[in-house]
Amino acid sequence: MTIAQTAPPSEPTPHAFGWYDSIWLRKYFDARAIIAKVAPGRLAEFEAAMAVFRTDPAYEVKTLRGYLDEARLREMRETISAIPRDSLELHEAQKFGRLVVHDWPPFTAMQAEIAAMVSELAGEALEPCYNFLSMYLKRGVCEPHLDTPQAKWTFDLCIDQGEPWPIHFTEIMPWPESREALIEDWIAVKEGRSAHRIQSVALEPGDALLFSGPSQWHWRDPIPQAKPGTRAFCDLLFFHFIPAGTAELVEPENWARLFDLPELAEILASPATA
Ligand SMILES: [Fe+2]
């Protein structure tokens, strides 16, 4: 089978902390440090602008049982089966045990259709950012992480699976004031010794849930092993939404221009320090 070779790598970069999707937060901390040095009077303005990507601590994960009926599920499964093999991205096979497909047109169309409904659930006006289909196989796993704010809200939809496979969440938390505190918290969550309240949800095919990944740790343990005669797998769709009107602000490469602080261009090249 031919697999697309053009997909981006998922290896940690010098800009990341340790976990998947941590690049944005690293840049946020770097930007704060730069502004504190070159324009301390503007730090409050920067933080106020970024507050749109924080989540109300009162938000609780919402689960929608039976969001898709059998007919719609069948349709979605047919759409997935029709995806050409050479459109499957392999770059997360090693770390997550999954094949992925980003922004497949029928799913992008569906994402636009559900934006108003998801906005209602989230309690704020949203616009679609990106989506991907994740086809976990027998080595499926997703370690504790926070998402980038490009995925401030995730509508996670279960299309098909072998056995129910719970996803775990901490409560919504404020972003910590220091990168050290954040890393310490991540390690505590990974080691199962954090003080966070943990909630677990097992989706059935057709069920969906809405969570805010940049503000709550979330993970899936190794996928349940298959019973004899079955196979371990889980097909999930992830629709990511951002607050309406924040498509430019959410991209760190735009911050130097948006805040008229050329020094912020440095965050794109700054080395790891933690
Ligand atoms: Fe995530």
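Quick caveat, the model's predicted, so the values are computed rather than measured.

Scoring rules and cut-offs
Residues numbered from 1 in each chain as written. Predicted model: local features only at pLDDT ≥ 70, side-chain atom pairs only at ≥ 80, totals over all residues. Heavy atoms only, no water. Phe/Tyr/Trp six-rings, centres within 6.5 Å; stacked < 30°, edge-to-face > 60°. Helix = DSSP H or I, 4+ residues; strand = E, 2+ residues; numbered from the N terminus. Buried < 20%, exposed > 50% of the residue type's maximum accessible area, 1.4 Å probe, protein only. Lys NZ or Arg CZ within 6 Å of the ring centre and 35° of its normal. Expected span 1.5 Å × (residues − 1). Core = buried A, V, L, I, M, F, W, Y, C linked by side-chain atoms within 4.5 Å. Contact = heavy atoms within 4.5 Å. Donors = N, O, S within 2.8 Å, 3.2 Å for Na, K, Ca; no water. Domains from an automatic or database assignment. Buried area = accessible area lost by both parts, 1.4 Å probe. Salt bridge = Lys/Arg side-chain N within 4 Å of Asp/Glu carboxyl O. Polar contact = N/O pair within 3.5 Å; in protein donor to acceptor, adjacent residues only side chain to side chain. Nonpolar A, V, L, I, M, F, W, Y, C, P; charged D, E, K, R; others polar.

1. Brief notes about the packing of aromatic side chains
For any pair of aromatic rings, geometry is given as the distance between the ring centres together with the angle between the planes.
Argument step 1. Enumeration over the complete set of coordinates arrives at 14 aromatic pairs.
Argument step 2. For the pair W24 and Y28, a centre-to-centre distance of 5.7 Å together with 10 degrees between the ring planes defines the contact as stacked. Here W24 pairs with Y28, and both are found in helix α1 (residues 23-38), just 4 residues apart, close to one helical turn.
Argument step 3. On the numbers, 6.1 Å between centres and 20 degrees between planes, the contact of Y28 with F46 is stacked. Pair noted here: Y28 is in helix α1 and F46 is in helix α2 (residues 43-50), with a separation of 18 residues, a long-range link. Taken individually, Y28 and F46 each receive the classification buried, so the pair is uniform in this respect.
Argument step 4. An aromatic cluster of at least three residues, connected via ring pairs, comprises W24, Y28, F29, F46, F53, W175, W255 and F259.
Argument step 5. Here R220 stacks its cationic end above the ring of W165, 5.6 Å away from the centre of that ring.
Argument step 6. Here the basic side chain of R231 rests over the ring of F233, its NZ or CZ set 4.1 Å away from the ring centre.

2. Considerations on helix α6 (residues 179-190)
Argument step 1. Taking 1.5 Å of rise per residue, the 12 residues of α6 would be expected to cover 16 Å, and the 17 Å separating its terminal C-alpha atoms lies within 8% of that figure.
Argument step 2. One or two steps after α6, the chain reaches G192, where phi turns positive at roughly 70 degrees.

3. Points about the nonpolar core
Argument step 1. Grouped together as the largest cluster of nonpolar side chains are 30 residues, with contacts concentrated most on F155, L157, F239 and F241.
Argument step 2. For this core, the secondary structure elements donating two or more residues are α3 (70-81), β2 (98-102), α5 (105-122), β3 (126-136), β5 (153-161), β8 (208-211) and β10 (234-243).
Argument step 3. Take this core: its biggest share by element is 7 residues, from α5.
Argument step 4. Apart from the residues within four sequence positions on either side, F239 is in contact with F107, M110, Q111, I114, Y130, N131, W153, T154, F155 and L157.
Argument step 5. Y28, A31, M173 and W255 belong to the second-largest nonpolar core, a separate cluster that totals 28 residues.

4. Observations regarding α1
Argument step 1. Between its first and last C-alpha atoms α1 spans 22 Å; for 16 residues at 1.5 Å apiece the expected length is 22 Å, and the two agree.
Argument step 2. Those residues of α1 lying buried are W24, L25, R26, K27, Y28, F29, D30, A31, R32, I34 and I35.
Argument step 3. Where the residues of α1 are buried, they touch α2, α6 and α7 (255-258).

5. Remarks on the coordination of the iron ion
Working reference: metal with six octahedral donors, ideal angles 90 or 180 degrees; metal with four tetrahedral donors, ideal angle 109.5 degrees.
Argument step 1. Surrounding the iron ion are the protein donor atoms H145 (NE2), D147 (OD) and H218 (NE2), at 2.0 to 2.2 Å.
Argument step 2. Positions of the donor residues of the iron ion along the chain correspond to the pattern H-x1-D-x70-H. Taken as a pair, H145 in strand β4 (residues 142-145) and H218 in strand β9 (residues 218-220) lie far apart in primary sequence, 73 residues in all. For the residue pair H145 and H218, the accessibility class agrees, reading buried in each case.

6. Focus: unusual backbone geometry
Argument step 1. Unusually for a residue other than glycine, D103 sits at a positive phi of about 50 degrees.
Argument step 2. Owing to a relative accessible area of 37%, D103 belongs among the partly exposed residues under this scheme.
Argument step 3. The backbone of D260 sits at a positive phi, close to 50 degrees, despite the residue not being glycine.
Argument step 4. Along the chain, D260 falls in the segment after α7.
Argument step 5. Overall, D260 belongs to the exposed group, its relative accessible area being 61%.

7. Quick notes on the domain arrangement of the protein chain
Argument step 1. Assigned domains within the protein chain: domain 1 (14-53 + 246-274) and domain 2 (56-243).
Argument step 2. For domain 1 and domain 2, the distance between their C-alpha centroids amounts to 26 Å.
Argument step 3. In this assembly, 21 residues from domain 1 lie in contact with 26 residues from domain 2.
Argument step 4. Taking both partners together, domain 1 and domain 2 bury about 2200 Å²; carbon and sulfur atoms supply 63% of that area.
Argument step 5. Connecting domain 1 to domain 2 are 1 salt bridge.
Argument step 6. A salt bridge links R179 to D30, with the nearest nitrogen and oxygen atoms 2.7 Å apart.
Argument step 7. Connecting domain 1 to domain 2 are 4 residue pairs in polar contact (both at pLDDT 80 or more).
Argument step 8. Here the side of domain 1 that touches domain 2 gets 7 residues from one element, more than from any other, and that element is α1.
Argument step 9. Among the residues forming the side of domain 1 that touches domain 2, the class breakdown is 13 nonpolar, 3 polar and 5 charged.

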